[in-house]
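Architecture and fold: a report
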Amino acid sequence: MTDDLEQLYQSTYTAVVRFLYRKVWDAERAEDLAQEVFVRALAHRPEKPRAWVFAVAANLARDEARAAVRRKRHLTLLKADPIAQPTIEPAADTLVEHDERVASVQEALNTLTPRDREILLLWDAGLSYPEIASQTGLAVGAVGTTLARARRRLVEAHDRQNPNKGTHAAHS
Amino acid sequence: MRHIPEDELHAYLDQGLSRSQCVEIESHLAGCASCQGMRDNIAALRDRTTALLARLAPPRSFPTPFDTIRRRAAIEVSARRRRVHRAAWAASVVAAVAFGWTASQIADSSGAFRTATGSPAAAPLAASLPVTPVAAVSPALTLARPARGESNGRRTTRRPLVRKVAAAEAPRVSVPPVIAPAELELSTIDIPAAGDFELDGMWRTMSWVGAQAETGNQLPHIDGLPVVQVQVQAGKQGKQPLMVVAQQLVSGEVIRTIEGPASDVSHLLARRTMSDPDPKVSSTDSTRPGTVVYQGVDGSMAMQRGDRMIAITGALPPDSLLAMIRRLNAALRSK
């Protein structure tokens, strides 16, 4: 089992980091969480480790998002306090550092519903239809339908933001 | 002719269909230009999506060596085991506390703690001696400190929590509330050593069980309070022993109940207070013909019946001491 997990780690680690990065938008944090995922996998030894790893990654990312919301609220409170203001950290506004192309895809992705976005990211991480279905609770037959919609909406949203580039890219 | 739905073509290109479904679709595609065009569009959309998402990749980094992950997992597993053990321990404490409380309730309902006098003076006792909380807390104390009490070589005492509960139930609730006396600030009553006092015999510190066996279940005590010390001085031939039982209130105060020959008890009280050897006669107990109640000058109360005397010492209001000694007297009379 441990050897299987090691193989899974070697083959999937990058995909897990990428999957997490697209949720937390912080490369270092994504790596920390990915390592946490595999630590937990070793501790729990799941029967279907590959699907389990992505399920735990999704949960950790969700927790991270909640924590970010709490931090944001705290930040708002601190901003209202002129004495505490100098201690404010730059927060998670690192999005600014992304280049325009990345930001446009990111914005397009954010226009999807959480369900569509989740399934699109899971598919892009390499999960099969049955794995996506078992993780999200969808019927296997509905995964294709959801993916079809998600892909269409992502590309449409991106092309709306970048009409020239989008058209060019569509034809290229 | 039925064309292939869009979602099925997505699933086909994603290899999300069964082999038989794939064969069916491929045979249709071979003869349907419209569906071929649709397939090509979907393939382009699919590639486009992949290309767009590829932009959202973090900077490439080398994975942490798997051995590091394995070491972290080992630490995690060991920490989890410790958490489970702690949780189990906490659950056992909660169960013991709940059990102690229940037992106390049973004892209360069976009248074990009721005073026989029915005197209004019993009311302050309820305020000053919350028996039920003590009963609930004691098992926790027991579980928290058993090893220390035993490793110190200290005596083990048992709290007579539900002495009047049915005999078959008694062993189940007799959780010994061992409290290492060194951890308590005991009240300053001095038990005189042999020779210092004109009493025969040696003072011996005993376990609750041992003292009960030796005195024939006659140890003076207040039901529901944890016992922290039992001391017995053997009497002369044909004479009852002199017994001192220290118990702790929830407030941390220690009270001592003393029972023995009237002369011995009064001498003991007099020595403690360093006052007149004969305690001041306070009153006679109207509810107990033939008994005389004595009130000491500093937190002691005694009650004499014939040649026996019981006493209580502790930093409590006189009315509480009076109520307690009445309860004590009633308990000893009922034996």
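Chains are numbered independently. Their residues run from 1 in the order of the written sequence. Lettering of chains starts at A and numbering of ligands starts at 1, both following the order in which they are written. Given that this is a predicted model, residues contribute local features only at a pLDDT of at least 70 and side-chain atom pairs are listed and counted only at 80 or more, while totals for whole chains, interfaces and linings are drawn from all residues.

Numbering goes from the N terminus for both helices and strands, where a helix is a DSSP run of H or I of at least four residues and a strand is a run of E of at least two. Tallying secondary structure elements over chain B gives 11 helices and eight strands in all. Counting other C-beta atoms within 10 Å of its own, a residue is labelled buried from 20 upward, exposed at 12 or fewer, and partly exposed in the gap between, with every C-beta atom placed from the backbone. Counting across all 335 residues of chain B, residues that qualify as buried make up 33%. In this description, a residue-residue contact is defined by the distance between C-beta atoms placed from the backbone, which must lie within 7 Å. Sequence-distant contacts in chain B: of pairs separated by 6 or more residues, those separated by 24 or more amount to 61%.

Here we take up the overall build of chain A. When helices and strands are counted, chain A shows eight helices and zero strands. Burial status across chain A gives 33% buried among its 172 residues. Once local pairs closer than 6 in sequence are excluded, the contacts in chain A between residues at least 24 apart make up 59%.

Residues and elements named next belong to chain A. One non-glycine residue, W25, adopts positive backbone phi at about 55°. Structurally, W25 is set in the loop between α1 (2-24) and α2 (27-44). Positive phi values are uncommon outside glycine, yet R45 reaches one of about 50°. Within the secondary structure, R45 is located in the loop between α2 and α3 (49-80). The class of R45 is partly exposed, set by 14 C-beta atoms lying within 10 Å.

Okay, the interface of chain B and chain A next. Facing 30 residues of chain B, the contacting portion of chain A comprises 34 residues. Put simply, the parts of the chain that give the side of chain B that touches chain A at least two residues each are α1 (6-13), α3 (33-54) and α4 (66-109) of chain B. Side-chain classes follow a simple rule in which Ala, Val, Leu, Ile, Met, Phe, Trp, Tyr, Cys and Pro form the nonpolar group, Asp, Glu, Lys and Arg form the charged group, and the remainder, Gly included, forms the polar group. Looking at the side of chain B that touches chain A, its residues break down into 13 nonpolar, six polar and 11 charged.

With that out of the way, let us pick up the environment of M243 of chain B. Residue and element names in this part refer to chain B. By the secondary structure assignment, M243 is in strand β3 (residues 242-248). What makes M243 buried here is the crowd of 24 C-beta atoms within 10 Å. In sequence terms M243 and E259 are 16 residues apart; their C-alpha atoms lie 5.3 Å from each other. In this structure, M243 is in contact with T215, L219, P220, V232, I258, E259 and G260, ignoring residues within four places of it in sequence.

Because an α-helix packs 3.6 residues into every turn, residues spaced three or four apart end up facing the same way. Multiplying 1.5 Å by the residue count of a helix minus one yields the expected span of that helix. End to end, helix α11 (residues 318-333) of chain B covers 22 Å across 16 residues, agreeing with the expected 22 Å (1.5 Å per residue, within 8%). If you check which residues of α11 of chain B are buried, you get S320, L321, L322, A323, M324, I325, R326, R327, L328, N329 and A331 of chain B.

The subject of this paragraph is the nonpolar core. Counting residues in each nonpolar core, the largest one holds 51 residues, and the members touching the most others are V16, L20, L33, A34, V37 and A57 of chain A. Tallying contributions element by element places α1 of chain A first for this core, with nine residues. Only buried residues count toward a nonpolar core: Ala, Val, Leu, Ile, Met, Phe, Trp, Tyr and Cys, linked into one set through C-beta atoms within 7 Å. Counting residues in hydrophobic clusters, the runner-up holds 38 residues, among them V254, I258, L268 and A311 of chain B.

When pLDDT is low, close inspection of the predicted coordinates is not appropriate. All names here are of chain B. Each residue carries a pLDDT score, the predictor's own confidence in it, on a scale running from 0 to 100. Residues at a pLDDT of 70 or more form 63% of chain B, whose mean pLDDT is 69. Of all the helices and strands in chain B, helix α6 (residues 131-144) carries the lowest mean pLDDT, 38, while α3 carries the highest, 94. Here residues 274-285 is modelled with pLDDT under 50, and outside its nearest four sequence neighbours on either side it reaches 25 contacts, counting other chains as well. What the predictor reports for the complex is a pTM of 0.47 with an ipTM of 0.77.

On to the pairing of strand β7 (residues 300-305) of chain B. Residues and elements named next belong to chain B. Among the six residues of β7, five are classified as buried, and the element is accordingly described as predominantly covered. Note: β7 against strand β8 (residues 308-313), six bridges, orientation antiparallel. Bridge pairing in β8 places M301 opposite I312. Here, strands pair whenever DSSP counts at least two bridges between them. The turn joining β7 and β8, which pair antiparallel and follow one another in sequence, is formed by two residues; a positive phi near 60° is taken by G306.

Right, let's talk about α4 of chain B for a bit. Here α4 of chain B spans 63 Å end to end across 44 residues, near enough to the 64 Å set by a 1.5 Å rise per residue. Taken residue by residue, α4 of chain B has I69, A73, G100, A103, S104 and A107 of chain B as its buried positions.

It is worth spelling out the confidence of the model for chain A at this point. Residue and element names in this part refer to chain A. Per-residue pLDDT for chain A averages 81, and the proportion of residues at 70 or more is 78%. Long-range and interchain partners of residues 81-91, a stretch whose pLDDT sits below 50, account for eight contacts in this model, where long-range means more than four residues apart. Per-residue pLDDT stays below 50 along residues 166-172; that stretch engages in six contacts with residues further than four places along the chain or on separate chains.

What follows concerns the packing of helix α7 (residues 140-161) of chain A against α3 of chain B. For the pair α7 of chain A and α3 of chain B, the least separation of the axes is 10 Å and the interaxial angle reads 65°. In this structure, the crossing between α7 of chain A and α3 of chain B has a hand that is left-handed. Contacts from R151, R152, L154, V155 and H158 of chain A in α7 of chain A reach L45, R46, R48, T49 and L52 of chain B in α3 of chain B. Here the residues of the contact of α7 of chain A with α3 of chain B are counted per class, giving four nonpolar, two polar and four charged. Between N-to-C directions, angles span 0 to 180 degrees; the directions come from axes that are lines fitted to C-alpha atoms, helices contributing only their stretch in contact. Working rule for handedness: look at the near helix, and if it is turned counterclockwise from the far one by less than a right angle, call the crossing left-handed; if clockwise, right-handed.

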